[in-house]
Amino acid sequence: MTNPNAKTAALPYNRSRQAREAETMLDHITDDFDDNPPSMAYFYDLFRRAYCRGESIEREGVRVGTTCIHAPEELIYAFGATPVRLCNGSYHYDQIGADFMPAKSCSLVKATLGMLSSENAIPKTGKLDLIVNPTTCDQKKKASAMMAGMGHSVYELELPPAKESEQARVYWQRSVREFAVRLRQLTGKKLTRKNLMAAMAKTSRAQVAFRTLHNFRRKAPSLILGKDVFLVTNAYFFDDIDRWTDAVERLNAELAQREKDGFCAAQKKAPRILFTGSPPVFPNLKLPLVIEQSGGVVVADETCSANRMLYDMTSVDEWLLNNMVDSLADKYLKPCTCPIFPNNDDRIRRLLDLAKSFAVDGVVYQTFAGCQVYEMEQRSVAEALNKAGIVMLAVETDYSPDDLGQLTTRIEAFLESIKTRKRKAT
Ligand code: SF4
Ligand code: SF4
């Protein structure tokens, strides 16, 4: 097998394969649509700097890579460290990752491994002092040893196999407390009530900004397209959290003005789509993009690169340190709707609720080839949605651009069928 690194090492970064991949996606996001919100310029520029020009976005202090939304970022901030989410969406890194995992594995896991094994990995967030890998799906679990084999220091954050029982809750709370001990060893700092409160305030300010953005998406006609919202939430993976929150607040102010002005970001009759399944991670935003290039609008999502990552907030009963840590643990377990858990009625409830409250016309369900858990849940989700009169299109894909034509045909047909249904209903 050729080593793609060997080919790109001699090239200036902006001519490397991963830079061109990111640039192509950003060009589509910005140039294929009229009336992009001016305040999105912050995010377009951030991705161009980080992914297309390879600029460093390093930050001071201890850096903790996370491979999944189950890693409690408030704890990382409370120890004065910075979390960086490592889930990766690059086809270039996916191909490198195929040297570690079977070729038919999930693109997200392969791309993350491919990125971690590359010199000068993008985004350049600096050397990681620790990678916390929650024991979620089988592929992520097996990735721990591979990351360690690359020389990374890996901490396995043990999740219980189910989330409903009291035993599961207690098990997970203990795991989170043990993680705090590991962070203390890593940083040499002590966890205090004050530091944790400050960290929780930081993430909760970001979440409030996200929720405001989320609520603007309920509006009909739409004020913002889904491709932009996915870019915003993907920036949360690596951007400075305060800068990110400021930028989202500016975007929200612009959307408020758009609402007053009666602005339409999509055609008034554009089918309103709820996106669920395997998470869209930049630069692999191809499916949301195809939906909107084909005349639909993604008005809501149930994915761990957007809504599931930022919507649920911590609810604290007593502001004592131990209670706060336990409440944080609860936030990362109870509301999570990832299909790794055996019983996932919560996911169906959430999808039905989103479909209703966002006046959704149809659901697009993305499954990455090789992801069994999302594939296994497809049928029960489709049945529940169909019972509620909502149509669903299941799409299996990966990070390769090869299926773009076929995806476009399927999405166009799906959107057309929604329009026909709506015409008949009126
Ligand atoms: S799909 Fe599930 S296991 Fe994978 S990153 Fe998202 S939340 Fe974590
Ligand atoms: S998409 Fe599936 S296989 Fe990939 S990380 Fe998520 S749960 Fe695991």
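Presented here is an overview of the structure given in this document.

### Considerations on the overall build of the protein chain
Along its length, the protein chain carries 17 helices and eight strands. A globule of 426 residues ought to have a C-alpha radius of gyration of about 22 Å, and the protein chain, at 21 Å, matches this closely. On the principal axes, the C-alpha backbone points of the protein chain span a range of 65 × 55 × 40 Å. In the protein chain, which comprises 426 residues, the share counted as buried stands at 49%. The long-range share in the protein chain, meaning contacts at least 24 apart out of those at least 6 apart in sequence, stands at 74%.

### Considerations on the site of ligand 1
Looking at ligand 1, the residues that line it are Cys68, Ile69, Cys87, Thr136, Cys137, Lys140, Pro279, Cys304, Cys338 and Ile340. Partitioned by chemical class, the residues of the shell around ligand 1 number eight nonpolar, one polar and one charged.

### Describing the site of ligand 2
Residues in close proximity to ligand 2 include Cys106, Leu108, Val109, Cys137, Gln139, Lys140, Ser278, Ile340, Phe368, Cys371, Val373 and Tyr374, which together make up its full environment. Elements with a contribution of two residues or more to the shell around ligand 2: α6 (107-117), α7 (138-149) and α16 (372-387). Residues of the shell around ligand 2, tallied by class, amount to nine nonpolar, two polar and one charged.

### Considering the sheet that holds strand β4 (residues 154-157)
Paired through backbone hydrogen bonds, the strands of a sheet run either parallel or antiparallel to each other. One open sheet accounts for four strands, arranged β2-β1-β3-β4; its pairing is parallel. The outermost strands of the open sheet, each flanked by one partner alone, are β2 (82-85) and β4. The mean inter-strand angle of the sheet, taken between neighbouring strand axes irrespective of direction, is 30°. Two strands pair when backbone bridges link them, and strand β3 (residues 130-134) and β4 are joined in this way by four bridges, in the parallel orientation. In the sheet register, Pro134 faces β4, and the bridge partner there is Leu157.

### Notes on the nonpolar core
Formed by 126 residues in total, the largest nonpolar core has its most connected members in Phe47, Ile273, Leu274, Val360 and Val363. Of the residues forming this core, the biggest block, seven residues, is contributed by helix α9 (residues 193-216). Every residue in contact with Ile273, bar those within four places of it in the chain, is listed here: Ile291, Gly296, Val297, Val298, Val299, Val360, Gly362 and Val364.

### Comments concerning the pairing of strand β1 (residues 63-66)
For β1 and β2, the ladder comprises four bridges, and the chain directions are parallel. Its bridge partner lying in β2, Thr66 is registered against Arg85. Handedness of the β-α-β unit built from β1, helix α4 (residues 73-78) and β2 comes out right-handed. Of the strand pairs in this sheet, β1 and β3 are connected by three bridges, and their pairing is parallel. Of the residues in β3, the one forming a bridge with Gly65 is Ile131.

### Overview of unusual backbone geometry
With an omega dihedral of 0°, the bond running from Ile122 to Pro123 counts as a cis peptide bond. Residue position: Pro123 is located in the loop between α6 and β3. The omega torsion across Ala220 and Pro221 is -5°, close enough to zero to call that bond cis. You can see Pro221 is positioned in the loop between α9 and α10 (226-235). The backbone of Asp35 sits at a positive phi, close to 60°, despite the residue not being glycine. Inspection of the secondary structure puts Asp35 in the loop between α2 (17-31) and α3 (41-52). Look at Ala359: it is not a glycine, yet its phi comes out positive at around 45°. Among the secondary structure elements, Ala359 is positioned in the loop between α15 (345-357) and β7 (362-368).

### A look at the sheet that holds strand β6 (residues 297-302)
The four strands are arranged β6-β5-β7-β8 in an open sheet whose pairing can be described as parallel. In the strand order of this sheet, the two ends are held by β6 and β8 (391-397), each with one partner. With strand direction ignored, the average angle separating the axes of adjacent strands in the sheet is 25°. Relative to β6, strand β5 (residues 272-277) runs parallel, the two being bridged by five bridges. The partner of Leu274 across the bridge, within β6, is Ala300. Sitting on the sheet, α16 touches β5, β7 and β8, and the angle it makes with β7 is about 170°.

### Looking at the environment of Met101
Looking at the element boundaries, Met101 is found in the loop between α5 (91-97) and α6. When the C-alpha atoms of Met101 and Lys142 are compared, they prove to be 9.0 Å apart, with 41 residues separating the residues in sequence. Those residues in contact with Met101 that lie beyond four places of it in its chain are Val109, Lys110, Leu113 and Gln139.

### Re the packing of α2 against α3
Remark: α2 packs on α3, axes separated minimally by 9 Å, with the N-to-C direction vectors making an angle of 165°. By the angle between their directions, the pair α2 and α3 is classed as roughly antiparallel. Viewed along their axes, α2 and α3 form a crossing whose handedness is left-handed. Where α2 approaches α3, its residues Ala19, Ala22, Glu23, Leu26 and Thr30 are matched on the opposing element by Tyr44, Phe47, Arg48, Tyr51 and Cys52. Along the lines of polarity and charge, the residues of the contact of α2 with α3 split into seven nonpolar, one polar and two charged.

The rules behind these values
Residues numbered from 1 in each chain as written. Chains lettered and ligands numbered in written order. Predicted model: local features only at pLDDT ≥ 70, side-chain atom pairs only at ≥ 80, totals over all residues. Helix = DSSP H or I, 4+ residues; strand = E, 2+ residues; numbered from the N terminus. Rg over C-alpha atoms; globule rule 2.2 N^0.38 Å. Buried ≥ 20, exposed ≤ 12 C-beta atoms within 10 Å, placed from the backbone. Contact = placed C-beta atoms within 7 Å. Near = placed C-beta within 6 Å. Nonpolar A, V, L, I, M, F, W, Y, C, P; charged D, E, K, R; others polar. Pairing = 2+ DSSP bridges. Axes fitted to C-alpha atoms, helices over the stretch in contact; angles between N-to-C directions. Core = buried A, V, L, I, M, F, W, Y, C linked by C-beta atoms within 7 Å. Right-handed = clockwise from strand over helix to strand, strands pointing away. Parallel < 35°, antiparallel > 145°, perpendicular 65-115°, else oblique. Left-handed = near helix turned anticlockwise from the far one by under 90°.

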